[in-house]
Amino acid sequence: MSDVLIIGAGPAGLSAAVYVQRAGKSATVLEAMTFGGQIVNTPEVENYPGIKKISGFDFAMSLYEQATELGAEIVFDKAERIEQAEGPLWRVVTASGASYEAKAVILATGAKNRKLGLEREEELTGRGVSYCATCDGAFFKGKPVAVNGGGNTALEDAMFLSNYCEKVYVIHRREGFRGEPKTLEALRAKENVEFVLNATVTRLLGEEKLSGVEVTDKNTGDVRELSVEGLFVAIGQEPENHGFENVAALDPLGYISAGEDCLTATPGIFTAGDCRTKAVRQLTTAASDGAVAALAACSYIS
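Draft legend 1. Just the packing of aromatic side chains, in detail. Following the criterion strictly, the structure yields six aromatic pairs and no others. Summarising the aromatic geometry, the rings of F160 and Y164 are spaced 5.2 Å apart at their centres and angled 50° between planes, so their arrangement reads as tilted. If you follow R188 out to its NZ or CZ, it ends over the ring of F195, 4.6 Å from the centre. Over the ring of Y255 we find R281; its NZ or CZ atom is 3.9 Å from the centre of that ring.

Draft legend 2. Expanded view of the pattern of salt bridges. What the rule picks out here adds up to 17 salt bridges. E44 is the partner of K53 in a salt bridge, and the nearest nitrogen-oxygen pair spans 3.9 Å. Linking K53 and E46 is a salt bridge whose minimum nitrogen-to-oxygen distance equals 3.6 Å. For the pair shown, K53 and E46 are each scored as exposed. Each of the salt bridges in this network shares a partner with another, and the network as a whole consists of R81, E83, R91 and E101.

What counts, and where the lines are drawn
- Residues numbered from 1 in each chain as written.
- Predicted model: local features only at pLDDT ≥ 70, side-chain atom pairs only at ≥ 80, totals over all residues.
- Heavy atoms only, no water.
- Phe/Tyr/Trp six-rings, centres within 6.5 Å; stacked < 30°, edge-to-face > 60°.
- Lys NZ or Arg CZ within 6 Å of the ring centre and 35° of its normal.
- Salt bridge = Lys/Arg side-chain N within 4 Å of Asp/Glu carboxyl O.
- Buried < 20%, exposed > 50% of the residue type's maximum accessible area, 1.4 Å probe, protein only.

Here it is as structure tokens:
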């Protein structure tokens, strides 16, 4: 048994572990995949206060080492459900059949990449369709590719790919972008980057592997085929909160209903990071949530 059990070893979960341990309490972190969350796929982080530039992987590694050196226990197992144990304790049951008890639980489950929902998308994933440019971009050196999305991830992916690929199409359903203007300006200056705006990807082309995409103009209905060997999807994220609805109310989009205090409606259950309702989902806000949730949890069990 630990004082606080944290589900998720992304920036929010690991930050929470650091604060729990420093408060003199014990923290156990359950992680289904690998530590670091989405940030490990970012080649360069330049907007975290106090750090001019660092790779996402190095940032995640540093945070992991900080938490474990303080005494936090990291367990690689998928949390599947939370149930009330004896007295004031909570029990978390994992995919392996193990169970862990704690006085408080912090849900820092993060989010996963949203898919296009197109026919044959699953079939072509790994055969031209990807959701991680830094993971798979090297396979497309010297080849034409497309990036679908309009946020920071999409712009960063396009910038990364433009250094290796023959041509990069940036497909976005609107005229304007949500990503940082500085990155957008740098992209517009690239000769091998072409913007396809007010358009959506409506069909994936190719048999055994991707050979192109069909895009449809939202305003005119015109259809255009782009000959690309890679499509990098960066259209947002979906929370991974299913299975925890019994202890944390979800909003219509599946995010945990909680404000800046990171409190859920259930005493002893807290939340942090991208999995909760919030207007801004950045590395800094995830770390902030981790600290807030950890201190709230420690206060609750004191």
